[in-house]
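Each chain, written out:
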Amino acid sequence: MNMEHSDGENDYMHQEDDWDRDLLLDPAWEKQQRKTFAAWCNSHLRKVGTQIENIEEDFRDGLKLMLLLEVISGERLAKPERGKMRVHKISNVNKALGFIASKGVKLVSIGAEEIVDGNAKMTLGMIWTIILRFAIQDISVEETSAKEGLLLWCQRKTAPYKNVNIQNFHISWKDGLGFCALIHRHRPELIDYGKLRKDDPMTNLNTAFDVAEKYLDIPKMLDAEDIISTLRPDEKAVMTYVSCYYHAFSGKQKAETAANRICKVLAVNQENEQLMEDYEKLASDLLEWIRCTIPWLENRAPENTMQAMQQKLEDFRDYRRLHKPPKVQEKCQLEINFNTLQTKLRLSNRPAFMPSEGKMVSDINNAWGNLEGAEKGYEEWLLNEIRRLERLDHLAAKFRQKAAIHEAWTEGKEELLQKSDYETASLSEIKALLKKHEAFESDLAAHQDRVEQIAAIAQELNELDYYDSPSVNARCQRICDEWDSLGALTQKRSEALQRTEKLLETIDQLYLEFAKRAAPFNNWMEGAMEDLQDTFIVHTIEEIQGLSTAHDQFKATLPEADKERQAILGIHNEIAKIVQTYHVNMAGTNPYTTINPQEINAKWEKVFQLVPQRDQALIEEHARQQNNERLRRQFANQANVIGPWIQTKMEEICRISIEMHGTLEDQLTHLRQYEKSICNYKPKIDQLEGDHQLIQEALIFDNKHTKYTMEHIRVGWEQLLTTIARTINEIENQILTRDAKGITQEQLNEFRASFNHFDRKRSGIMDAEDFKTCLISVGYNLGENEFPRIMSIVDPNRMGIVTFQAFVDFMSHETADTDTADQVVASFKVLAGDKNYILADELRRELPPDQAEYCIARMAPYTGPDAVPGALDYMSFSTALYGESDL
C-alpha cells in the first residue's frame, strides 16, 4: 500500500506539472472541463440529495467540497464551519485540501484563498486532482495503473473493432466509435454497432452518451458539438468520462484476469518458440562462417614476393581484429541464449530444447576448436615465410652484386690469355709478358674465393626455393664454366711463357716489383670497396654493434694501407726516373701489369668516399635497432601488466561464482561491477594491439623482455569476457529460478554449500559420480532407473556434468509447488462458465486475435453429450502444451 501511495504521488506530480503548463486554458477546453467536471461531481453529490450549478461558485464556502470528498472516499471529514465569513470558508476549504493531501496527493499552486475567491482555473485544477486520486489512480491493467492502465484497458476492449484505434484521450474519441465500442463490447444488446459509420461522428457520440445515461447510469458529461468542433478535445474531460465506463464495467474483471493469465502463458510459449528459432539461425550462421574460414586458414600456399606475403599478414590481422571478435561474441551469446531458453522451459514445465542435428552447443564448440587449431599455426607460418623471403631478397641482391663484379673482372680475360704476342716479342717483352702472367695468376687465385661465394649463394637460393632459381643457376653455371676456361687458358699460357723464358735473359726488376705489390694492394682495395658497398641485415643491437666494431677495425688499417700505397707509387716514380735518366724505350706501359698509379689513386679515393657512407649506413641502422628495442620494451612493459591482470580477474570471477557472499542480487551487482571494470580495461588492450602492430610493421620477430605474446593476451582477454558473461548469465538464471519457484536466500545458500562440498575439483561443476553422492547424502533413494532419469533432466546435452544452475533447478523443482497446467485449465473454466467446452467466438472476444487463433488451432473439437456446433475441448490445449503427466 505504501508503494502504491508513492507511485500515486509521482503520478500526481506529473499531472500537476501538466496543470501548471495549462494555466492559460483554451476557452473550448475550459468549457468542456466545466461541464464534465460539474457532471462528475453531481453524479456523486446526488447520492446525498444535492448538486452544484456553477463549479467555481458552489465550492467557494467549502461545504459541498467537503461533502463531495466524504461521498467519494466513504470517510468522515472534520466538522465544517457554518459561518458565512471569509475566514470560515477558507477554513472549510483548507480542511478539504488537507484531506486530499492526506491521501498522498501533493497540491502545487492550489490554495484555499484561490478557491474561496472563485478562481476558475484553480478550482478546475483541484477537481481534476480529486478525479485523478479517487476515480483513476486505482485503475490497474497488466501491471500498469492510472492513466496508462485506463488507456491500456480501452485498447484491450476495443481491439476487436478494426475501425477503432485508441492511442490517447483526445482525438482518438472524436468520431464517437470508441465510446460505442466500449458499450457494445460489454453490453452488445444496447447498440447496433454494425449500423454506425465513421463519417457520422455526431450520431455516434449522441448514441453513446444517450445509451450510457439511460442504461449505464453514466451522466452526460460531454457535448457532441463541443467534441466535433474542437480540433483537439480536452484530455482531462475525456479521461474523466471514460473512467466512468471503466468503473461501470469493472464487474467483468474476473473474466479479464482469466484471459490475461492465458495470454501470459501463451506469450511465454511463443517467446520460447521464437528463442528456439533464433538459436537455430544463429547456430547455422556461425557454423557456416567457421566452415568457410577454416580452409582459408589452412591454405599454406607461399607467395613469391614480400609484398604479397605482407598483404596476407595484413589480411590475417584484419581477421583477428575485425572479423573474429564479433563471432566470439556471437558464440558467447549463443550459449547464453541456450542456457536461458533451457531455464525458461524448465520453469514452464516444458521439455528441454534439443537443437537440430549438428547444432548442439558441443558441436559448435568442436567446430570452434577446429577453427582455432587451423588459426594457431597460420600466423607463425606467415612470419616464417616473410623471414624466408627477406633472406631470399638479400641473398639474391648479394648474388647479383658479386656476379656483376666478377663478370666485370673476367671481361676480356679469355681473349687476353689466347693472344700469341709472345711469339714475336723481344726478350724484355717476353720477360714482361711472363711477369705479367704471374701477376695475373696471383689475381686469378685471389678471385677464386669470390667464385666460391657466388656458387655458395646460388646453392642457398636453391635450398630456400627461390622463385627465380633457374636464372640464378644459369648465370652461376656461366660463371663457373668461364672460370674453368680461364684456369685452363691460364695454365696453357703459363706453359708457353715458361718455354719462351729460357730464351730470355733480362727482366726489369722494378716493373716486376711494382706489379707484385700493386696487384695484392689493388685486390685489397677492390675487396674493401666490395665490403663497404656490401648490403647487410641485422635484427638486434648486438649485431649492428658487431658490424660497427668490424668497420672501426677496418678504418684503423687505413694508415698502414696508405703507407703501402705510397711505397707502390714510389716504385713507379723510380721507374719513371730511370726511364727519364737512361732514356729507356718502354713504350710508356708496364709490361708486367695493367695496374697503373692513376687506377690505384682512383680506387684509393673511392675507398675514402665509401668509408663515411658506410659510417652513415651503420648509424642509421643502429638508430633503427634502438627504436626496435624501444618498441620491444614498450610492448613488454604493458604485456607484463595486462597478462597477470587478466589471470587475476579470471581467478576472482571463479571465486565469486563459487563462494556464498551476500544475496544473488549482491553477487550479480558485484559481477556487473567486475564486468564494467573489465570493459573499461579494453582501451589498454587496444593500445597493446597498436604496439603489437608497430612491432610487426618493424619486422621484429622476438622479444626477450616478456614471456607474453599478443596471441596469449588475445586468448586470455576473450576467455575473460566469455567467463564474466557466462557467470552473470548463471546468476541471472538463478534469480529467475528463485523468483519463479519461491526459493529463499537461505535455501539457495544451502544449495550452494551442498554443491561446493561435492564439487571436489573446485571447478564449478560436478561430474555424475559427485552428483550421485550428493543426492544420496540428501536422502534420495536411487533405484536402477532413477539416477539416469535425473541425469536426463539436469544434463539434457549428455555431457556428463552438472552445473550449479541445473542443480538449483532440479532441487527447487523437487521442493516447489508449481502447477501451471491446472492454472491454465482453471482459467479456461472461468471463460467457459458452467459449460464443459468453450466456443471459438468466446476466445476471439476475450483474447487478442493472434493468441485466440493460437489456442483454437491447438484445441480438439469437444465430443461430449452436451456438445454444440463449434464447441472446443479446452482440456486438449493444456494436454498439447504440457503433456498428460502434468494434468
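What counts and what doesn't
- Residues numbered from 1 in each chain as written.
- Predicted model: local features only at pLDDT ≥ 70, side-chain atom pairs only at ≥ 80, totals over all residues.
- Heavy atoms only, no water.
- 1 Å grid on protein atoms, 1.4 Å probe; cavity = no way out; pocket = protein on both sides within 12 Å on 5 of 7 lines; lining within 4 Å.
- Points joined across faces, edges and corners; volume = space filled by probe spheres on them.
- Helix = DSSP H or I, 4+ residues; strand = E, 2+ residues; numbered from the N terminus.
- Nonpolar A, V, L, I, M, F, W, Y, C, P; charged D, E, K, R; others polar.
- Buried < 20%, exposed > 50% of the residue type's maximum accessible area, 1.4 Å probe, protein only.
- Salt bridge = Lys/Arg side-chain N within 4 Å of Asp/Glu carboxyl O.
- Axes fitted to C-alpha atoms, helices over the stretch in contact; angles between N-to-C directions.
- Parallel < 35°, antiparallel > 145°, perpendicular 65-115°, else oblique.
- Left-handed = near helix turned anticlockwise from the far one by under 90°.
- Contact = heavy atoms within 4.5 Å.
- pLDDT = per-residue confidence, 0-100.
- Phe/Tyr/Trp six-rings, centres within 6.5 Å; stacked < 30°, edge-to-face > 60°.
- Lys NZ or Arg CZ within 6 Å of the ring centre and 35° of its normal.
- Polar contact = N/O pair within 3.5 Å; in protein donor to acceptor, adjacent residues only side chain to side chain.
- Pairing = 2+ DSSP bridges.
- Core = buried A, V, L, I, M, F, W, Y, C linked by side-chain atoms within 4.5 Å.
- Arc of directions from axis to C-beta.

Give a detailed account of the layout of surface pockets, specifying residues and quantitative values.
Estimates place the volume of the largest pocket at around 1100 Å³. Lining the largest pocket are 36 residues; nearest its centre among them are Asn339, Glu730, Ile765, Ile801 and Thr803. Residue assignment for the lining of the largest pocket shows that the elements contributing at least two residues are α13 (306-347), α14 (361-376), α22 (597-658), α25 (710-741), α26 (745-758), β4 (801-803) and α29 (804-815). Residues of the lining of the largest pocket, tallied by class, amount to 14 nonpolar, 15 polar and seven charged.

An account of unusual backbone geometry is needed here, citing residue identities and associated values.
The phi angle at aspartate 217 is positive, at roughly 60 degrees, despite the residue not being glycine. The topology assignment puts aspartate 217 in the loop between α9 (201-215) and α10 (224-229). Positive phi, normally seen in glycine, also occurs at arginine 798, with a value near 60 degrees. In this structure, arginine 798 sits in the loop between α28 (786-794) and β4. Relative accessible area serves as the criterion here: at 76%, arginine 798 is assigned to the exposed category.

Quick rundown of the pattern of salt bridges? Include the residues and the values.
Across all of its chains, the model carries 46 salt bridges by this definition. Put simply, arginine 86 and aspartate 117 hold a salt bridge, and the shortest N to O gap is 2.6 Å. Of the two residues, arginine 86 sits in helix α4 (residues 86-102) while aspartate 117 sits in the loop between α5 (112-116) and α6 (120-136), which places them 31 residues apart along the sequence. Owing to a relative accessible area of 42%, arginine 86 belongs among the partly exposed residues under this scheme. Residue classification places aspartate 117 among the partly exposed residues on the basis of a relative accessible area of 45%.

Go over the packing of helix α2 (residues 27-45) against α6 with me, naming the residues and quoting the values.
The interhelical angle for the contact between α2 and α6, taken along N-to-C directions, is 50 degrees, at an axis separation of 11 Å. When the axes of α2 and α6 are compared, the pair comes out oblique. Read as a crossing pair, α2 and α6 show a hand that is left-handed. Where α2 approaches α6, its residues Glu30, Gln33, Arg34, Phe37, Trp40 and Cys41 are matched on the opposing element by Ala120, Lys121, Leu124, Ile127, Trp128, Ile130, Ile131 and Ala135. Considering only residue class, the contact of α2 with α6 consists of 10 nonpolar, one polar and three charged.

An account of the confidence of the model for the protein is requested, with residue identities and associated values reported.
Note: predicted coordinates in regions of low pLDDT should not be interpreted at a detailed level. Averaged over every residue, the pLDDT of the protein is 80; residues scoring 70 or more account for 88%. A low-confidence stretch, residues 1-24 (pLDDT under 50), is modelled with 31 contacts involving residues beyond four sequence positions or located in other chains. Note on residues 503-507: pLDDT is under 50 here. Beyond four places in sequence and across chains, it has 13 contacts.

Outline the packing of aromatic side chains, listing residues and values.
The final tally for this structure, using the stated rule, is 22 aromatic pairs. Ring plane angle 10 degrees and centroid distance 6.1 Å describe the contact between phenylalanine 37 and tryptophan 128, whose orientation is recorded as stacked. Here the residue phenylalanine 37 occupies a position in helix α2, and tryptophan 128 occupies one in helix α6, the gap between them amounting to 91 residues. Plain terms: the ring middles of tryptophan 409 and tryptophan 483 are 6.3 Å apart, the flat faces sit at 40 degrees to each other, and that makes the pair tilted. A residue pair is termed long-range when its members are at least 10 positions apart, and tryptophan 409 in helix α15 (residues 378-410) and tryptophan 483 in helix α18 (residues 469-501) qualify at 74 residues. On the basis of relative accessible area, tryptophan 483 is assigned to the buried category, the value being 9%. Through a chain of ring-to-ring contacts, three or more aromatic side chains come together here, namely Phe169, Trp173, Phe179, Phe209, Tyr241, Tyr245 and Phe249. The ring of phenylalanine 134 is capped by arginine 133, whose NZ or CZ atom sits 5.2 Å from the centre of that ring. If you follow lysine 772 out to its NZ or CZ, it ends over the ring of phenylalanine 787, 5.6 Å from the centre.

Tell me about the side chain of glutamate 842, and please be specific about residues and values.
As for its position among the elements, glutamate 842 is in helix α31 (residues 840-846). A polar contact is formed between the side chain of glutamate 842 and the side chain of lysine 835, at a distance of 3.2 Å.

Quick rundown of the environment of asparagine 627? Include the residues and the values.
Mapped onto the secondary structure, asparagine 627 falls in helix α22. Considered as a pair, asparagine 627 and isoleucine 541 are 86 residues apart in the sequence and their alpha carbons are 9.9 Å apart.

Explain the environment of arginine 789 residue by residue, including any values.
If you trace the backbone, arginine 789 turns up in helix α28. Its relative accessible area of 38% is what places arginine 789 among the partly exposed residues. Separated by 2.7 Å, the side chains of arginine 789 and glutamate 786 make a polar contact.

Summarise the sheet that holds strand β6 (residues 860-861); cite the residues concerned and give the values.
On the basis of which strands lie adjacent, the open sheet formed by three strands has the order β5-β7-β6 and antiparallel pairing. Only two strands of the sheet have a single neighbouring strand rather than two, namely β5 (838-839) and β6. Sheet topology places β5 next to strand β7 (residues 871-873); two bridges connect them, and they run antiparallel. If you follow isoleucine 838 over to β7, its bridge partner there is leucine 872.

I'd like a description of the nonpolar core, backed by residues and values.
Among the nonpolar cores identified, the biggest contains 80 residues, and Ile130, Phe179 and Tyr245 are the most heavily contacted of them. Counting residues per element, this core draws most heavily on α6, which supplies 11 residues. Core analysis: the second largest hydrophobic core is formed by 49 residues, Tyr674, Ile731, Phe755 and Cys774 among them.

Describe α28, naming the residues involved and giving the relevant values.
If you check which residues of α28 are buried, you get Phe787, Ile790, Met791 and Val794. Angular distribution of buried residues about the axis of α28 spans 100 degrees; they occupy a single face of the element.

I'd love a proper account of the environment of glycine 527, names of residues and values included.
In this structure, glycine 527 sits in helix α19 (residues 509-533). Glycine 527 sits 81 residues away from alanine 446 along the chain, and the two C-alpha atoms are 9.9 Å apart.

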